[in-house]
Protein chains: 2
Amino acid sequence: MATYKSPVQDMEFVLNEIINVGSLTEIEKFEDATEDIITGVLDEAAKQIDNTIGVLNESGDAEGASLNNGEVTTPEGFKEAYASYAESGWIGLDKDIEFDGQGLPYVLATAVTDMLSGANAAFSLYPGLSNGAYEALKAHGTQAQKETYMSHLSLGDWSGTMCLTEPGAGSDLGQVRTKAVPQEDGSYLIEGNKIFITAGEHDLTDNIIHLVLARTPGAPEGIRGISMFVVPKFLINEDGSLGERNAAECANIEEKMGIHGSSTCVMNFTDAKGYLVGELNKGIQNMFVMMNAARLMVGLQGLGVAERATQNAITYAKERKQGRPLTRKAESSFDSDTIIVHPDVRRMLFTMKALTEGCRMMAYDTAKHVDLSENHPDEAVRNASKARVDLMTPVCKAFITDVGVEVSGLGVQVYGGHGYIKEHGMEQNMRDSKIFCIYEGTNGIQAMDLVGRKLSMNDGQLPIDFFAEVKSELASASAEMAFVTQPLTSALSALEEVTAWLIKSKEEDLNDSAAAAVDYLQMFGLVSLGYYWLRAAKVASGKEGVFYQGKLATANFFATKLLPRVHGLAPVVMSGSRCVMEPSEELIV
Amino acid sequence: MATYKSPVQDMEFVLNEIINVGSLTEIEKFEDATEDIITGVLDEAAKQIDNTIGVLNESGDAEGASLNNGEVTTPEGFKEAYASYAESGWIGLDKDIEFDGQGLPYVLATAVTDMLSGANAAFSLYPGLSNGAYEALKAHGTQAQKETYMSHLSLGDWSGTMCLTEPGAGSDLGQVRTKAVPQEDGSYLIEGNKIFITAGEHDLTDNIIHLVLARTPGAPEGIRGISMFVVPKFLINEDGSLGERNAAECANIEEKMGIHGSSTCVMNFTDAKGYLVGELNKGIQNMFVMMNAARLMVGLQGLGVAERATQNAITYAKERKQGRPLTRKAESSFDSDTIIVHPDVRRMLFTMKALTEGCRMMAYDTAKHVDLSENHPDEAVRNASKARVDLMTPVCKAFITDVGVEVSGLGVQVYGGHGYIKEHGMEQNMRDSKIFCIYEGTNGIQAMDLVGRKLSMNDGQLPIDFFAEVKSELASASAEMAFVTQPLTSALSALEEVTAWLIKSKEEDLNDSAAAAVDYLQMFGLVSLGYYWLRAAKVASGKEGVFYQGKLATANFFATKLLPRVHGLAPVVMSGSRCVMEPSEELIV
């Protein structure tokens, strides 16, 4: 059976030694978020998550969520685990104090989400979806709406959903057909069908707050005619108590490849009572406000599952005996050695470590910029951090979730046949992680966001600023860091050339960058990880102990064996789109 | 629901226009294998496979094989489908006429296996495992053993298994502990436990013929003390009729990630009666005789599933409407276009096509060399083809099965959220295909076979001869083929440089090539596909019709967007093994 232990030491390394989370205490709101507090939070969260939620990962997968007469039952143990998780205040960790949150930095909540995803990705979606609802109401709700919902979402006795997708409207939300008809009392009656609604119905909370995209009569076609509505499962009485059941029903739950413990619902709204959130016809823009956070969260799901796969593969490789080193003749002894002696097994383990730990640095640093962008007193700092978050969000979402699938696959491979059977829990990681590449904007859409929007935002300043930061880190590196700086300089140079080519290509043919977007995002992610591994190597250099020596070894592996992948991608990006777009459809059979 | 239609047109293109299968009629044994016969066989096989076996793919996955009181029940419909498949003679297609086979070329059986794997990979394993038993008995059995078993295996009323793996002996067969104690009548009593035994028990055939690796008392340690035994489920009376039940029992069937319709058995042999096959202590060498064929077959499984994913993704991309081309403003019409207009969707579809169709050419050409190596009257031709088969077998096994996973994953991605739910059958491809990277020698072991054995075989002549063939194909290409020849020349040059480096590295540090083996095999596979796409482009050039135009477009895509991956791999291979091997185990945590 697979196990999971929250990687608290690595999390503290990233928070304290890589991104200097302590600097956030300079912001008044975070003055209490000292290193002690952060360590305490991580230790407590790890204890609870590992012991009560991580142990339900495989049983939750085997049992799955089930539907009976419109009621969804979550797997055994989820209800109790969720209750104690909510009671401990983890859901409200970074929520506002006035709404019963703890007001701690988002980057700390990020570390807890990383833990929770690694412990039990399916479980993590129940509290996870509440974030979007909370943020949407915070940004666009009336004061009364805020007071009605936000504390409950923060405390976790209610949960949230995002009801966007319909059978004919997935990536293309302009096709949303759900109707919202205004009533005399100012409410709306919502009528339509939504699919793929994560946590749309379940037995963990007293109420479920659906945020629904719908169209009012006569609204413009396309995305400019879509509005956002809050539709509670149980209507709320004037005094805040729960009233009658609303007509928002789960008609079916999907049979999926993985995340079986999470209920993915078909939701029917049959004249359900809803209330407009924000302005009419601004539903899509309202969604975008919370998109960065939601996408980062999905990246963390990929990270968590990658961590889970990596931990177990390393343990297995140190225990499982099979074969012997190439340098030892069979005749010396017929006993087998542990498989970690094999170069290819080590290659797989280091690949898993380098990608997972590298992504952790990238994700947490991006999360810290979220904190800065929202809370720093200096507007220039806020803007610079906002730009960084805008740039790195699609990279974190798509690159890390691709890493989730790659690392999960390597985890299966390290176990060999034992990885393919359910007993060891490694195949579940592959099944769970694939959805992260799809929902919250497919990775193809993330890549389009990167090349189509982010590269040109602020007059093209976003990548320029990031590359300058990488160069500055390179410039200040000592000669003994050459094992990273040389490959990184070369990789950055390739990325800069390709970036310039892409920006220019858009003047002539929009399809060039679109056809290259996924490969470009891979390059961007690899160079970003190279940058963070350089920072990690600098910190670890000269320090004693296996932890730091391990960081240096992993940085060296990344720079030597993974970063050069960019040189296979660069010519592909710059080959343009003719070979993709010119062939007529009838040739693709 | 996913569908599958055997790609007969592409198969005929490869057989007739790429590898010139008609030339096999020059060999006496194959003089009847004319183009007409081959077309007839393919059409008939496709009809039966698509209509009776392909339709059971998803139901077989949902139902799975089940065990009750030692009896395994295959999913509904498998029994009837297997009976009619065997009756039609498909299992014996390439088996010897004297043993009730049809004596047709192996390459034709290869095409049928490709179909069968695409139609229903789990089902394909039941007839598939009989091949190994047939070949082992053919090569090493006594005349009496041949007469007892081979016709039944060829006709399919009996099936075979390969009982190698034990809990402590997977990749390292030297650890096999199953005992074989000689009896006075010349038989042996077999005692031990085998795991992961594909088709170890099922309800499709009257008897099951287990080939078991075991150790006799006092045999040498390691792989030099292992012998091979034939252990029938039902003993066979003198007159050939079935006798008493042997003590070979299925104790459990594994819960797996995929191929649920295939029974993967824990087999207990409790003093089961067995008979030595071949010489004592030569069990491993005996196994190796059939290893090439078995590994090629697994490559075909990856190919089949990739084909299935590709077909469905293309169909879906032409039907599913979502979004609009980048070049069209929303305001012109709010209607959606089919997703095949999107550059990234096209990139995915062409990637799937280029890899799948490229692997088909590589696999069939290798299969034709199997026919030549075994049947050509000229010893020099036989030897050259044998060398080619030796070289390409690990490439076909590992590269194509990696392609199976990559293409299956892209298939899910093209469908978006609809790919992740079971309803459309795309996630099953990912689950089914992962095992192909593991069994019959993990892909890491294939890569070690390529760099450790095949590169140095025959004084290092194998890659030299293959590269010469690629160069000759390049040299004879016209200038209009530059879209392939230029990238291929560059890629081949990188591969040659890396190959020379690897061979030399073995003199100094065996770990260098071992640490680079998987990346090297990827390079080798990509260049091989480049070579076959050049051949396809030459054939298609100047020919009319969408089929040939599609081949040219796909060749162009492969050369432009996929082949350059080698340039990201070359520096990785040549970076050696220090970063992998120097860190002590305690640093890998």
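Residues numbered from 1 in each chain as written. Chains lettered and ligands numbered in written order. Predicted model: local features only at pLDDT ≥ 70, side-chain atom pairs only at ≥ 80, totals over all residues. Heavy atoms only, no water.

- By the naming in an unreviewed UniProt entry, chain A goes by 3-methylmercaptopropionyl-CoA dehydrogenase and is assigned to Cycloclasticus pugetii.
- For chain A, the Catalytic activity (unreviewed entry) comment in UniProt is given as "3-(methylsulfanyl)propanoyl-CoA + oxidized [electron-transfer flavoprotein] + H(+) = 3-(methylsulfanyl)acryloyl-CoA + reduced [electron-transfer flavoprotein]".
- UniProt annotates chain A under Cofactor (unreviewed entry) with the comment "FAD". (UniProt positions renumbered as here; feature names shortened; annotations may be inferred.)

### Quick notes on the overall build of chain A
Link 1 in the chain: Each helix and strand counted, chain A has 19 helices and 11 strands in total.
Link 2 in the chain: A compact globule built from 589 residues should have a C-alpha radius of gyration of about 25 Å, and chain A, at 24 Å, falls within 12% of that.
Link 3 in the chain: Its C-alpha atoms give chain A principal-axis dimensions of roughly 85 × 60 × 55 Å.
Link 4 in the chain: Burial status across chain A gives 65% buried among its 589 residues.
Link 5 in the chain: Surface summary for chain A: the accessible area is close to 20,300 Å², and the carbon and sulfur share equals 50%. (Helix = DSSP H or I, 4+ residues; strand = E, 2+ residues; numbered from the N terminus. Rg over C-alpha atoms; globule rule 2.2 N^0.38 Å. Buried < 20%, exposed > 50% of the residue type's maximum accessible area, 1.4 Å probe, protein only. Areas by Shrake-Rupley, 256 points an atom, 1.4 Å probe, with all protein chains shown as cover.)

### Description of helix H4 (residues 78-87) of chain B
All names here are of chain B.
Link 1 in the chain: Turning to H4, its buried residues number three or more, namely Phe78, Ala81, Tyr82, Tyr85 and Ala86. Looking straight down H4, one finds that the buried residues subtend no more than 130° of arc, so they occupy a single side. For H4, the exposed residues lying more than 90 degrees away from the buried face are Glu80 and Glu87.
Link 2 in the chain: Among the structural elements, helix H2 (35-53), helix H3 (57-63), helix H5 (106-119), helix H6 (121-140), helix H7 (143-155) and strand S3 (158-163) are those in contact with the buried residues of H4. (Arc of directions from axis to C-beta. Contact = heavy atoms within 4.5 Å.)

### Focus on the packing of aromatic side chains
Link 1 in the chain: Overall, the coordinates contain 36 aromatic pairs over all chains when judged by the stated rule.
Link 2 in the chain: Ring plane angle 45° and centroid distance 6.2 Å describe the contact between Phe436 of chain A and Tyr439 of chain A, whose orientation is recorded as tilted.
Link 3 in the chain: The class of Phe436 of chain A is buried, set by a relative accessible area of 0%.
Link 4 in the chain: Using a relative accessible area of 18% as the deciding quantity, one classes Tyr439 of chain A as buried.
Link 5 in the chain: Every member of this aromatic cluster is reached through a ring pair, and the members are Phe466, Phe467, Tyr520, Phe524, Tyr531 and Tyr532 of chain A.
Link 6 in the chain: The positively charged end of Lys95 of chain B is found above the aromatic ring belonging to Tyr134 of chain B, 5.5 Å away from the centroid.
Link 7 in the chain: The lysine or arginine in question, Lys543 of chain B, covers the ring of Tyr548 of chain B, its NZ or CZ lying 5.3 Å from the ring centre. (Phe/Tyr/Trp six-rings, centres within 6.5 Å; stacked < 30°, edge-to-face > 60°. Lys NZ or Arg CZ within 6 Å of the ring centre and 35° of its normal.)

### A look at the relation of the copies chain B and chain A
Between the two copies of the chain lies a relationship made up of a rotation around an axis and a movement along it.
Link 1 in the chain: With an RMSD of 0.0 Å, chain B superimposes on chain A once it is rotated by 180° and translated 0.0 Å along the axis. Expressed as an axis order, the relation between the two copies is that of a two-fold axis. Residue Gly568 of chain B of chain B places its C-alpha closer to the rotation axis than any other residue of that unit, at 1.8 Å.
Link 2 in the chain: When you check the interface residues of chain B against chain A, 100% turn up at the interface there too, and the contact is symmetric in its surfaces. (Least-squares fit on C-alpha atoms with pLDDT ≥ 70 in both.)

### Quick look at the interface of chain B and chain A
Link 1 in the chain: Listed per partner, the contact involves 94 residues of chain B and 94 residues of chain A.
Link 2 in the chain: Summed over both sides, the interface between chain B and chain A buries roughly 8,200 Å², with carbon and sulfur atoms accounting for 63% of that surface.
Link 3 in the chain: Looking only at chain B, the three residues that lose the most surface to chain A are Tyr420, Lys561 and Ile588 of chain B, adding up to 10% of its buried area.
Link 4 in the chain: Our count for the chain B to chain A interface comes out at 48 residue pairs in polar contact (both at pLDDT 80 or more). (Buried area = accessible area lost by both parts, 1.4 Å probe. Polar contact = N/O pair within 3.5 Å; in protein donor to acceptor, adjacent residues only side chain to side chain.)

### A look at the UniProt feature "domain: Acyl-CoA oxidase/dehydrogenase middle" (unreviewed entry) in chain A
Link 1 in the chain: Mapped onto this structure's residue numbering, the UniProt feature "domain: Acyl-CoA oxidase/dehydrogenase middle" (unreviewed entry) falls at residues 162-271 of chain A.
Link 2 in the chain: Secondary structure across residues 162-271 of chain A divides into 0% helix and 47% strand, with the first and last C-alpha atoms of the span separated by 18 Å.

### Brief notes about the side chain of Ser6 of chain B
Residue and element names in this part refer to chain B.
Link 1 in the chain: Within the fold, Ser6 resides in the segment before helix H1 (8-18).
Link 2 in the chain: Judged by its relative accessible area of 4%, Ser6 is buried.
Link 3 in the chain: For Ser6, the side chain forms a polar contact with the side chain of Asp50, separated by 2.7 Å.

### Overview of unusual backbone geometry
Link 1 in the chain: One non-glycine residue, Phe196 of chain A, lies in positive phi territory at about 60°.
Link 2 in the chain: Tracing the backbone shows Phe196 of chain A in strand S5 (residues 188-198).
Link 3 in the chain: Despite not being glycine, Asn20 of chain B shows a phi value in the positive range, around 50°.
Link 4 in the chain: Relative to the helices and strands, Asn20 of chain B is located in the loop between H1 and H2.

### Structural notes on the pattern of salt bridges
Link 1 in the chain: In total, this model carries 58 salt bridges over all chains according to the counting rule given.
Link 2 in the chain: Residue Lys194 of chain B is joined to Glu166 of chain B by a salt bridge in which the shortest nitrogen-to-oxygen separation is 3.0 Å. Taken as a pair, Lys194 of chain B in strand S5 (residues 188-198) and Glu166 of chain B in the loop between S3 and strand S4 (179-182) lie far apart in primary sequence, 28 residues in all.
Link 3 in the chain: Put simply, Glu427 of chain B and Arg431 of chain B hold a salt bridge, and the shortest N to O gap is 2.7 Å. Pair noted here: Glu427 of chain B and Arg431 of chain B are both in helix H12 (residues 426-433), with a separation of 4 residues, about one helical turn.
Link 4 in the chain: Residue class for Glu427 of chain B comes out buried when judged on its relative accessible area of 2%.
Link 5 in the chain: A single network of salt bridges, built from pairs that share partners, joins Asp10, Asp114, Glu307, Lys353, Glu357, Arg360 and Lys551 of chain A. (Salt bridge = Lys/Arg side-chain N within 4 Å of Asp/Glu carboxyl O.)

### Details of the state of the cysteines
Link 1 in the chain: For the structure shown, the criterion picks out 0 disulfides over all chains.
Link 2 in the chain: Take Cys396 of chain B: it sits in no disulfide, and the sulfur closest to it among the cysteines is that of Cys359 of chain B, at 7.9 Å.
Link 3 in the chain: For Cys396 of chain B, a relative accessible area of 1% puts it in the buried group.
Link 4 in the chain: Not engaged in a disulfide, the cysteine Cys579 of chain B finds its nearest cysteine sulfur in Cys359 of chain A; these two sulfurs lie 18 Å apart. (Disulfide = S-S within 2.5 Å.)

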